[in-house]
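Commentary on secondary and tertiary structure
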Amino acid sequence: MLGNIKGKAGILFVALMCAIMLSPVWALASEVVTMDQIPAAGDPGWWKWPVILLFVTFVMGIIAVLGGVGGGVLFVPIIGGFFPFHLDFVRGAGLLVALCGALAAGPGLLKANLASLRLAMPVALIASTMAIVGAMVGLALPTHIVQLALGGTILGIVAIMLSAKKSTVPHVPQADALSTALRITGVFYEPTTKEEINWKIHRTIPGLLSFIIIGFMAGMFGLGAGWANVPVLNLMMGAPLKISVATSKFLLSITDTSAAWIYLNNGAMIPMMVVPSLIGIMLGSFVGVRLLKVAKPTFIRWMVIAILLFAGLKAVQKGLSTMGINLF
Amino acid sequence: MSQNTQATEEQVLYADILEKGMYAGLGLMIITFALYVLGIMPSIVPVDEISIYWSQPVHDYLVAINTNFLHWETLPTGWSWMKLLGYGDFLNFLPVAILSGITIVCYIVITPGLFARKDKAMAIMAIAEAVILTLAASGILSAGGH
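Procedures and definitions
- Residues numbered from 1 in each chain as written.
- Chains lettered and ligands numbered in written order.
- Predicted model: local features only at pLDDT ≥ 70, side-chain atom pairs only at ≥ 80, totals over all residues.
- Helix = DSSP H or I, 4+ residues; strand = E, 2+ residues; numbered from the N terminus.
- Rg over C-alpha atoms; globule rule 2.2 N^0.38 Å.
- Buried ≥ 20, exposed ≤ 12 C-beta atoms within 10 Å, placed from the backbone.
- Contact = placed C-beta atoms within 7 Å.
- Axes fitted to C-alpha atoms, helices over the stretch in contact; angles between N-to-C directions.
- Parallel < 35°, antiparallel > 145°, perpendicular 65-115°, else oblique.
- Left-handed = near helix turned anticlockwise from the far one by under 90°.
- Nonpolar A, V, L, I, M, F, W, Y, C, P; charged D, E, K, R; others polar.
- pLDDT = per-residue confidence, 0-100.

Tallying secondary structure elements over chain B gives six helices and zero strands in all. In chain B, the order of α-helices and β-strands from amino to carboxyl end is α-α-α-α-α-α. Taken over the C-alpha trace, chain B has a radius of gyration of 20 Å; the compact-globule value for 146 residues is 15 Å, which it surpasses by more than 25%. Across the 146 residues that make up chain B, the buried fraction comes to 37%. Long-range pairs, those at least 24 residues apart, make up 65% of the contacts in chain B with a sequence separation of at least 6.

The subject of this paragraph is the packing of helix H4 (residues 71-82) of chain A against helix H7 (residues 143-163) of chain A. Residues and elements named next belong to chain A. Relative to each other, H4 and H7 sit at 135°, their axes nearing to 11 Å. Regarding the angle of H4 to H7, the classification is oblique. In terms of crossing hand, the pair formed by H4 and H7 is left-handed. Counted together, Val73, Val76, Pro77 and Gly80 of H4 and Leu150, Ile154 and Ile157 of H7 form the full contact between these two elements. Its residues placed into classes, the contact of H4 with H7 shows six nonpolar, one polar and no charged.

Attention now goes to the confidence of the model for chain B. The predicted model of chain B has a mean per-residue pLDDT of 93, with 95% of residues at 70 or higher. Complex prediction metrics read pTM 0.86 and ipTM 0.94.

What follows is the structure, encoded as structure tokens:
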């Protein structure tokens, strides 16, 4: 009974937070971007945005855990769309949000042998190199182009979330020559079936080539890339779902590191944005893990899709409005 | 569970270093942010003026803070933040650098073990990754402003 009430309260809380974030009132924040700000004197209300950022990223951390997505994929479109921060700084902070999440989870996943270093190393080499290129391109392109491309990518992620299937243990009849040569294989214990599962991968070359695009997009948009890593590792290369999810999470610690350096070296880091975001996301994640026991994952997943759809459309609208095209 | 399900020696070593770096970076970040936001350390851009700059593209932001506060001949990019570690806002770059740099250390540390086990392909990949991440960290690769 008590658990049921807690469950309903948890769902109600998350739904309320999403409704607030989807409200048009938040859209007003984006208008601040276009206003001329004259630095005549200090702003006594400077602390409001970091505090709002802390609160919103806290809610985002909860939703990210319950919706099974990374913090970065929610952070960049929502903060970029509805806050007065320039997209350059939002992408830099988004990379650090994804990086810190990966750093927090990575050691445990590696020690539990769920994340595979051997699988991650060739993938990371390609993805991190391309993330550097993506970050440099993203910082060099005009903002409205990046905004439009970001909106298109977010809408693409929504399509992937709606259509992608998952395979707990994909059927891999035979490991291919490259993965055999690199000894990318492993064994993990599945407690639900009390079985030791031997896994191997195939289609290694097309899988690795996919990470050229994934790495580029991770660096360019600061999104993290779990939404793309997992389908490629699981469905294309044939790694078991648990190994794919864990290796993807660990992989972000390498991919996002390379891009984060580019943003850091180009000065696209504002501590007043970065630190409240990291604290908010991490605290939200702790609460999210506790709510996970009582929340309904399907409902939350639909809510994440709705939020991303709205944020993606907002990014497209902002990009187009800069070009003088007003949709709404 | 059999021995087969255990992580390899390199994997555990990598995880241990990553964990230490993560705790060091996050712990330091909380301390440096407190020093900054509570005004214990002076900052280059006063906290009540930062909201004036964060809505500008990064290039314009750098030009503005250089013109208004730093008065340097070049913009404060690359590792130039090291010269400003005495200021709260730029001191916060230090934990970010630790969090971003720990992966390079992980790769360098596991490489000798990979060579010792004649795992040449993975060892070469580890060196290549360390070189790429070091190149990214070096500041040599800079993006054009927009």
